[in-house]
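# Descriptive analysis of the structure
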Amino acid sequence: MPDLATAPATLLGAARSLQPRAVALRRTLHRRPEVGLDLPLTRDALLADLADLPLRLHLGNGLSSVVGVLEGARPGRTVLLRADMDALPLREDVAVPFRSEVDGVMHACGHDLHVAMLAAAARLLCERRDQLAGRVVLVFQPGEEGFHGARQMIEEGLLERRGPGGRPDAAYALHVSATMPSGEVYSRPGPIMAAADVLRVTVTGRGGHASAPHHAVDPVPAAAAMVGALQTMITRKVDTHDPAVLTVSRISAGTTDNVIPETAELEGTLRTMSEGVRRAVRAEIERVCTHTALAHDCTARVEIEPGYPVTVNDPAATTRLSDVARRLLGDARVGTLPTPIMGAEDFAYVLARVPGALAFLGACPPGASPHDTPPNHSNRVRFDESVIPAGAALYAALALL
């Protein structure tokens, strides 16, 4: 049995000794980022790092996932720990020695740090295998950034009784944030991140000469009216205590100045914090767009592509995560998010089936303020690598303690 009084400090010290190796892995991944479900370079770099560990490895069939299973010395529960691996289609604008070498692709959400943290945690756990009761399922997942990687891993049997490691009893994930104080951990019970759906509307009128709009049916005013009508709908139809965000982020119409186009297109995102509001707003979007188009003598085709569900933390698992983080890092470095975050996370698919929790690890770069540093998904975002030991130790402690 681990010495519960000294284990956190010992674990954190051991994680710090692994920092050079973890940073080297992180920078290798950062230089060679990959997008989506097929990440062969990322997978190979990870497998090389894990090669000397006594893990039972499982590779994905339809995606570049890696699952490592570590059996403990005694019976006990099965704990799943997840790190996502994919990057974003973004051109990096940060002058660092390990800058992305792939034009138009960048690790702008810190997934390279997540892989480094969980790989280091795997090493910590393997070194303490005799102290581990049960088993740990280490999940390295591609396709988090909109590709439903977690759902596809579940479809391949990740959470089944006969899957890698058997059905988990608990599941945890960490996510770095450039806009939170470095080394601090934040979570909350219940909804922590939003559901995300994609909205696409095609408005169809009748094209013609721009000098004679009365001989055409212009879809552009109809599309413009929809933008305002949708925002009004959100403020009038949605309870402010059960929020929704609807952003029209792209409007496209026409080819030149003197032609009224036949069609106009809208695209945007819908974020909600409950399935009830999600269903209701989807129906309202259809109604508003259809009738606004008709009011302009146009028609509208509305498509809503379902995205990730709401990420919901189990209250008991969240309390446990926060308690372990306090023992590891100290009370002053662990807090509770006052409100959910309207971003989305496909760890939601896991938490819908297994009690667990997602937490944020602050990684604001040295010398910067969390309030004005470029955030995750910015082409200028930077992360503090010194938080890797804290993340690795917290991952390991959630399985050990």
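Calculation criteria
Residues numbered from 1 in each chain as written. Predicted model: local features only at pLDDT ≥ 70, side-chain atom pairs only at ≥ 80, totals over all residues. Heavy atoms only, no water. Helix = DSSP H or I, 4+ residues; strand = E, 2+ residues; numbered from the N terminus. Contact = heavy atoms within 4.5 Å. Pairing = 2+ DSSP bridges. Axes fitted to C-alpha atoms, helices over the stretch in contact; angles between N-to-C directions. Core = buried A, V, L, I, M, F, W, Y, C linked by side-chain atoms within 4.5 Å. Buried < 20%, exposed > 50% of the residue type's maximum accessible area, 1.4 Å probe, protein only. Right-handed = clockwise from strand over helix to strand, strands pointing away. Expected span 1.5 Å × (residues − 1). Arc of directions from axis to C-beta.

### Remarks on the side chain of Arg 82
Here Arg 82 lies in strand S3 (residues 74-84). If near-sequence neighbours (up to four positions away) are discounted, Arg 82 is found in contact with Leu 118, Val 139, Gln 141, Glu 144, Tyr 172, Ala 173, Leu 174, Glu 345, Asp 346, Phe 347 and Tyr 395.

### Some words on the sheet that holds strand S8 (residues 195-204)
With respect to topology, four strands assemble into an open sheet ordered S10-S12-S8-S13, the strand pairing being antiparallel. The outermost strands of the open sheet, each flanked by one partner alone, are strand S10 (244-253) and strand S13 (299-305). In this sheet, adjacent strand axes meet at a mean angle of 20 degrees when their direction is disregarded. With ten bridges joining them, S8 and strand S12 (residues 263-272) adopt antiparallel strand pairing. Opposite Asp 197, over in S12, you have Leu 270 as the bridge partner. Each of S8, S10, S12 and S13 touches helix H6 (residues 219-237); the most contacted strand, S10, lies at about 175 degrees to it.

### With respect to the nonpolar core
The biggest cluster of nonpolar side chains holds 72 residues, and the ones touching the most others in it are Leu 81, Leu 125, Leu 138, Phe 140 and Tyr 172. Element by element, the count of residues in this core is highest for helix H4 (residues 111-127), at twelve residues. The contacts of Leu 81, once residues within four sequence positions are left out, are Leu 118, Leu 125, Val 136, Val 137, Leu 138, Val 139, Tyr 172, Tyr 395 and Leu 398. One finds Leu 158, Ile 192, Tyr 349 and Val 354 within the second-largest nonpolar core, a separate group that totals 27 residues.

### Details of the sheet that holds strand S6 (residues 185-187)
Strand order across the open sheet formed by eight strands is S1-S2-S4-S3-S5-S16-S6-S15, with mixed pairing between neighbours. The two strands at the open ends of the sheet, each matched to only one other strand, are strand S1 (56-59) and strand S15 (334-336). Averaged over all pairs of adjacent strands, the angle between strand axes in this sheet comes to 25 degrees, irrespective of strand direction. With eight bridges connecting them, S3 and strand S4 (residues 133-141) associate as parallel partners. Across the sheet, residue Leu 81 finds its bridge partner in S4, namely Leu 138. Docked against the sheet, helix H8 (residues 315-329) engages S3, strand S5 (170-177), S6, S15 and strand S16 (356-362), running at close to 35 degrees with respect to S16.

### Topic: the pairing of S4
For S4, the buried fraction is high: seven of the nine residues fall into the buried class. Sheet topology places strand S2 (residues 66-71) next to S4; six bridges connect them, and they run antiparallel. Each bridged residue has a counterpart across the sheet, and for Leu 70 the counterpart in S4 is Val 136. Between the parallel pair S3 and S4, the chain is carried across by H4, and the sense of this crossover is right-handed.

### A short note on the environment of Arg 74
Here Arg 74 lies in strand S3. Linking Arg 74 and Arg 129, residues 55 residues apart in sequence, is a C-alpha distance of 9.3 Å.

### Concerning the environment of Arg 301
By the element assignment, Arg 301 lies in strand S13. Overall, the relative accessible area of 48% leaves Arg 301 in the partly exposed class. For Arg 301, the residues in contact, after removing those within four places along its chain, are Arg 200, Val 201 and Thr 202.

### Structural notes on helix H7 (residues 275-295)
Here H7 is 21 residues long and its end C-alpha atoms lie 30 Å apart, about the 30 Å a rise of 1.5 Å per residue gives. Along H7, the residues classified as buried are Val 277, Arg 278, Val 281, Glu 284, Ile 285, Val 288, Cys 289, Thr 292 and Ala 293. Burial along H7 is one-sided: seen end-on, the buried residues are contained in an arc of 150 degrees. For H7, the exposed residues set more than 90 degrees away from the buried face come down to Arg 279 and Leu 294.

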